[in-house]
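These are the residues of each chain, in order.
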Amino acid sequence: MGEKAVPSLRRRRVKRSCPSCGPEPGGEEKKGRGNPISFQLFPPELVEHIVSFLPVRDVVALGQTCHYFHEVCDAEGVWRRICRRLSPRLREQDTKGLYFQAFGGRRRCLSKSVAPLLAHGYRRFLPTKDHVFILDYVGSLFFLKNALVSSTLGQIQWKRACRYVVLCRGAKDFASDPRCDTVYRKYLYVLATREQPGVVGTTGSRACDCVEVYLQSSGQRVFKMTFHHSMSFKQIVLVGQETQRALLLLTEEGKIYSLVVNETQLDQPRSYTVQLALRKVSRCLPHLRVACMASNQSSTLYITDSFLCSWLQSPWPGG
């Protein structure tokens with residue numbers, strides 16, 4: 001008996017093509033070789049199921065190859081399966097949500113979760129006097145109305161019928177009064193990017209960073225300041241009293257700028273010019289590249305790649 005011929009792997013050719021762009025130019029199959037293999041031929045549910053078995057790093061890399069795989073890898077079903085695979089004990093209703101737990105007292109149980117279904121993860125959240133604000137990873141800032149209420153036993157808990165709206169989009173960061181007591185958090189300062197119309201004689205628009213101030217009680221915008229398009233910021237923190245509120249803005253290059261506003265006049269319909277000045281720590285240490293900031297009412301902590309730098313707050317913009 002003759003041996004059965006085994007086809008060599010080097011002779012088999014699988015044609016690769018981007019499902020969103022079609023076959024490669026000049027890649028018409030020769031007669032007798034069949035049609036090219038494409039993931040677009042499979043049902044989307046099957047492709048999502050296959051992708052969910054990849055490591056997280058590979059899912060992110062695959063989503064950057066083309067528009068088709070970007071939509072597949074960004075599907076909520078893919079990440080729900082990945083969460084269940086990485087955390088088998090996680091229940092189905094726990095894949096996306098927030099919990100509130102009061103410290104102190106005898107009761108240590110978690111209250112009912114509240115989940116803005118439109119949020120792409122939870123990057124930051126901040127409770128104020130009456131509500132909770134959540135920033136996701138695509139720049140959407142959510143306003144959870146009446147999220148925290150007092151129970152009959154005097155404890156703070158989530159309200160069962162919590163409502164939420166999208167306060168703004170294109171947000172980079174947000175901050176409020178740095179004191180721990182939420183009573184002082186009257187305003188919410190949002191660092192965002194907005195398209196500004198071009199100057200006279202030019203076409204198109206430019207993306208400029210701005211700071212928008214909202215009332216935490218109603219979500220109404222009461223103030224807005226726009227910066228030059230050459231200034232790009234990534235973080236905002238607050239220090240100082242209400243009458244001398246200093247806004248510290250961290251640039252992409254690691255430099256810190258500041259300006260001072262009077263919060264008691266923000267709700268008045270008027271316009272005025274504020275001075276944006278380079279912070280003293282960036283003037284005295286020009287080689288220092290700040291990665292992020294943290295603050296309380298009277299001081300600021302600057303975190304770099306190599307060490308920490310604590311700075312006492314000055315009420316003036318250049319302090």
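These numbers come from a predicted model, not from an experiment.

Colleague: Could you clarify how one ought to interpret a nonpolar patch on the surface in this entry?
Modeller: On the surface, Phe39, Phe42, Leu46 and Ile50 cluster together into a nonpolar patch covering about 340 Å² of accessible area. With respect to the helices, strands and loops of the structure, Phe42 is situated in the segment before helix H1 (44-51).

Colleague: What exactly am I supposed to notice about the packing of aromatic side chains here?
Modeller: Pairs of aromatic rings are described using the distance from one ring centre to the other and the angle between the two planes. Summed over all chains, the structure comprises 4 aromatic pairs. Seen from their ring centres, Tyr68 and Phe69 are 5.3 Å apart, and the 75 degrees between their planes marks the pair as edge-to-face. The same class applies to Tyr68 and to Phe69, which are both buried. Centroid distance Phe233 to Tyr257: 6.4 Å. Interplanar angle 80 degrees. Geometry classified as edge-to-face. Remark: Tyr257 occurs in strand S13 (residues 256-261) and Phe233 occurs in strand S11 (residues 233-239); sequence separation between them is 24 residues. By relative accessible area, which is 0% here, Phe233 ends up buried.

Colleague: Even after reading the chapter, I still don't get the sheet that holds strand S12 (residues 245-251), so can you show me in this structure?
Modeller: Either a parallel or an antiparallel arrangement is found when strands of a sheet pair, and the pairing is made through backbone hydrogen bonds. One open sheet accounts for 4 strands, arranged S11-S12-S13-S14; its pairing is antiparallel. The open sheet has two free edges, formed respectively by S11 and strand S14 (277-278), since each of these has just one partner strand. Here S11 runs beside S12; their pairing, made up of 6 bridges, is antiparallel. Residue pairing for S12: Phe233 is matched across the bridge by Thr251.

Colleague: What is the right way to read the pairing of strand S2 (residues 132-135) from this model?
Modeller: A regular strand places its side chains on the two faces of the sheet in alternate fashion. Neither face of S2 is exposed, since Val132 and Ile134 on one face and Phe133 and Leu135 on the opposite face are all buried. Pairing of strand S1 (residues 124-127) with S2 involves 4 bridges; the strand directions are antiparallel. Within S2, the residue paired with Phe125 across the bridge is Ile134. In sequence, S1 turns back onto S2 through a hairpin of 4 residues. Where S2 lies against strand S3 (residues 141-145), 4 bridges are found, and the strand directions are antiparallel. Bridged to Phe133 within S3 is Phe143.

Colleague: Could you clarify how one ought to interpret H1 in this entry?
Modeller: Structural remark: α-helix, 3.6 residues per turn; residues separated by three or four positions point the same way. Residues Val47, Glu48 and Val51 constitute the buried set of H1. For H1, the angular spread of buried residues about the axis comes to 100 degrees, placing them on one side. Where H1 is buried, its residues meet helix H2 (56-62), helix H3 (67-73) and helix H4 (76-86).

Colleague: Got a minute to help me understand the nonpolar core in this structure?
Modeller: Nonpolar side chains tend to gather and get buried jointly when the protein is soluble and globular. Judged by nonpolar contacts, the single largest core of 19 residues is most densely connected at Tyr189, Val211, Met225, Phe227, Ile236, Leu247 and Leu249. The set of elements that each furnish at least two residues to this core consists of strand S8 (187-197), strand S9 (205-215), strand S10 (221-226), S11, S12 and S13. Non-local contacts of Met225, meaning those with residues more than four positions away in its chain, are made with Cys210, Val211, Leu247, Leu259, Val261 and Val274. Formed by 14 residues, the second largest nonpolar core is a distinct cluster that contains Phe133, Leu135, Phe143 and Phe174.

Colleague: Got a minute to help me understand the confidence of the model for the protein in this structure?
Modeller: When pLDDT is low, close inspection of the predicted coordinates is not appropriate. For the protein, the mean per-residue pLDDT works out to 76, and 67% of the residues sit at or above 70. For the stretch residues 1-17, pLDDT sits under 50, and the model shows 14 contacts to residues farther than four places along the chain or on other chains.

Conventions adopted
- Residues numbered from 1 in each chain as written.
- Predicted model: local features only at pLDDT ≥ 70, side-chain atom pairs only at ≥ 80, totals over all residues.
- Heavy atoms only, no water.
- Patch = residues over 30% accessible without salt bridge, like charges linked within 9 Å, V, L, I, M, F, W, Y side chains within 5 Å.
- Areas by Shrake-Rupley, 256 points an atom, 1.4 Å probe, with all protein chains shown as cover.
- Salt bridge = Lys/Arg side-chain N within 4 Å of Asp/Glu carboxyl O.
- Helix = DSSP H or I, 4+ residues; strand = E, 2+ residues; numbered from the N terminus.
- Phe/Tyr/Trp six-rings, centres within 6.5 Å; stacked < 30°, edge-to-face > 60°.
- Buried < 20%, exposed > 50% of the residue type's maximum accessible area, 1.4 Å probe, protein only.
- Pairing = 2+ DSSP bridges.
- Arc of directions from axis to C-beta.
- Contact = heavy atoms within 4.5 Å.
- Core = buried A, V, L, I, M, F, W, Y, C linked by side-chain atoms within 4.5 Å.
- pLDDT = per-residue confidence, 0-100.

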